Amino acid sequence: MANQSQALTPPMQLLSTLLLLLATCTAVVVAGGRPPPPAPPPPKPIPLRWGVLAFPKYVGLDAYGPIEMLNIVKFLTPNMTIAVIAETMDPVPAHVVNDLGGPATLMQPTHTIYDNVTLDVLLIPGGPGSRIAYNNTNIINYVKNVYPKLQYIVSVCTGAQVLAKAGILDGKRATTNKFSWAEMVRSGPNVKWQPCARWVTDGNIWTSSGVAAGIDLTHAFIKKIFRNETLADRAANILEIEIHKDPSWDPFCKVWNATI
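To keep things clear, this report deals only with the structure shown in the data block. (Residues numbered from 1 in each chain as written. Predicted model: local features only at pLDDT ≥ 70, side-chain atom pairs only at ≥ 80, totals over all residues. Heavy atoms only, no water.)

**Quick look at the nonpolar core**
By size, the foremost hydrophobic cluster in this structure holds 61 residues, and its most contacted members are Leu53, Val143 and Ile153. Among the nonpolar cores identified, the runner-up in size contains six residues, and Met69, Ile215, Ala236 and Ile243 belong to it. (Core = buried A, V, L, I, M, F, W, Y, C linked by side-chain atoms within 4.5 Å. Buried < 20%, exposed > 50% of the residue type's maximum accessible area, 1.4 Å probe, protein only.)

Now the structure itself:
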């Protein structure tokens, strides 16, 4: 009798291979005629390091609306941070002026655009100052260079103009303020502008319509990216604001005749 520990002869090796192949094919047929689908990729980490880009004559609500929601989220989310990034460490004046003609609101930066602070999300407000930032090479280069390092970039109102100048919106879907629609469209000729949208997402780029729309965008961002609608609703309820949850809700495109 042959020793059972001996290696299989070539005919036996071929038979063994055929039996293994038959067993594999049988398993596939039993599973429905196709191999099992690949495992889904793990969810992206929640973006905890936020930055707000501040430049002179930003509109306060563009920045502070989202910040107020994020402050509540920050209180309930360990290790979340919110930085204020500006060209210098000088307080940055908002667009609103007081009775003496000076700025009524100043935002104090925590870092400058030269500090290379690590961020997961950068939020860019709009306002008359976005036209100034649009022509500020230092600001535009910062946005252009930091974008590849971010998980997400967000603009509110005419802040999309800064993204457009940096080339980030080229070939992308985006929206912006409807009152200034014609000007914004001219400033980003390579952008797929969406005239009737409260906010728009395209990949990791989020853009919103004018001013108050930034709050709706922030709610949607928390719901989707933080994967926590309860937290988003809690922030809105604490602020006592009724959120528009449909990104296509936009009566202002008709009010201001925003068309492509």
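Read on, since the account is not over.
**Here we look at the state of the cysteines**
All chains considered together, the criterion is met by one disulfide. Residue Cys196 pairs covalently with Cys253 via a disulfide, S to S 2.1 Å. Taking the torsion about the S-S bond as the criterion, the Cys196 to Cys253 disulfide, at about 95°, is right-handed. With a gap of 57 residues between them, Cys196 in the loop between β9 (192–193) and β10 (199–202) and Cys253 in helix α9 (residues 252–255) connect regions that are remote in the sequence. We classify Cys196 as partly exposed; its relative accessible area is 41%. The exposure class assigned to Cys253 is buried, which follows from its relative accessible area of 4%. (Disulfide = S-S within 2.5 Å. Helix = DSSP H or I, 4+ residues; strand = E, 2+ residues; numbered from the N terminus.)

**Here we look at the packing of aromatic side chains**
Each aromatic ring pair is described using two quantities: the centre-to-centre distance and the angle formed by the ring planes. Here the structure, examined in full by the defined rule, presents seven aromatic pairs. Between Trp249 and Phe252, the ring centres sit 6.1 Å apart and the planes meet at 85°, which makes this aromatic pair edge-to-face. Above the plane of the ring of Tyr134 lies Lys165, whose end atom (NZ or CZ) is 4.2 Å from the centre. (Phe/Tyr/Trp six-rings, centres within 6.5 Å; stacked < 30°, edge-to-face > 60°. Lys NZ or Arg CZ within 6 Å of the ring centre and 35° of its normal.)

**Description of unusual backbone geometry**
Even without being glycine, Lys57 reaches a positive phi, approximately 70°. Relative to the helices and strands, Lys57 is located in the loop between β1 (49–53) and α2 (60–76). One non-glycine residue, Cys157, lies in the positive phi region at around 60°. Here Cys157 is to be found in the loop between β7 (152–155) and α5 (160–165). Given a relative accessible area of 4%, Cys157 falls into the buried group.

**Side note on the pattern of salt bridges**
Taken as a whole and judged by the stated rule, the model has seven salt bridges. We note a salt bridge from Asp250 to Lys178, for which the minimum N-O separation is 2.9 Å. Of the two residues, Asp250 is situated in the loop between α8 (229–239) and α9 and Lys178 in the loop between β8 (173–174) and α6 (181–187); the sequence distance between them amounts to 72 residues. Given a relative accessible area of 2%, Lys178 falls into the buried group. Asp233 is the salt-bridge partner of Lys245, the closest N and O atoms lying 3.2 Å from each other. Note that Lys245 is positioned in the loop between α8 and α9 and Asp233 in helix α8, a separation of twelve residues in sequence. (Salt bridge = Lys/Arg side-chain N within 4 Å of Asp/Glu carboxyl O.)

**A short note on a nonpolar patch on the surface**
Taken together, Phe179, Trp249, Phe252, Val255 and Trp256 make up a surface patch of nonpolar side chains, about 530 Å² in accessible area. Inspection of the secondary structure puts Phe179 in the loop between β8 and α6. Given the relative accessible area of 58%, Phe179 is considered exposed. (Patch = residues over 30% accessible without salt bridge, like charges linked within 9 Å, V, L, I, M, F, W, Y side chains within 5 Å. Areas by Shrake-Rupley, 256 points an atom, 1.4 Å probe, with all protein chains shown as cover.)

**What to know about the sheet that holds strand β11 (residues 205–208)**
Pairing is mixed across the open sheet formed by seven strands, whose spatial order is β5-β2-β1-β6-β7-β11-β10. Each edge of the sheet is formed by a strand with only one pairing partner; in this case those strands are β5 (111–112) and β10. In the sheet, β7 pairs with β11 via three bridges, with the strands oriented parallel. Its bridge partner being in β11, Val154 is matched across the sheet by Trp206. Set on the sheet, helix α7 (residues 213–225) makes contact with β1, β6 (121–124), β7, β10 and β11; between it and β11 the angle comes to about 150°. (Pairing = 2+ DSSP bridges. Contact = heavy atoms within 4.5 Å. Axes fitted to C-alpha atoms, helices over the stretch in contact; angles between N-to-C directions.)

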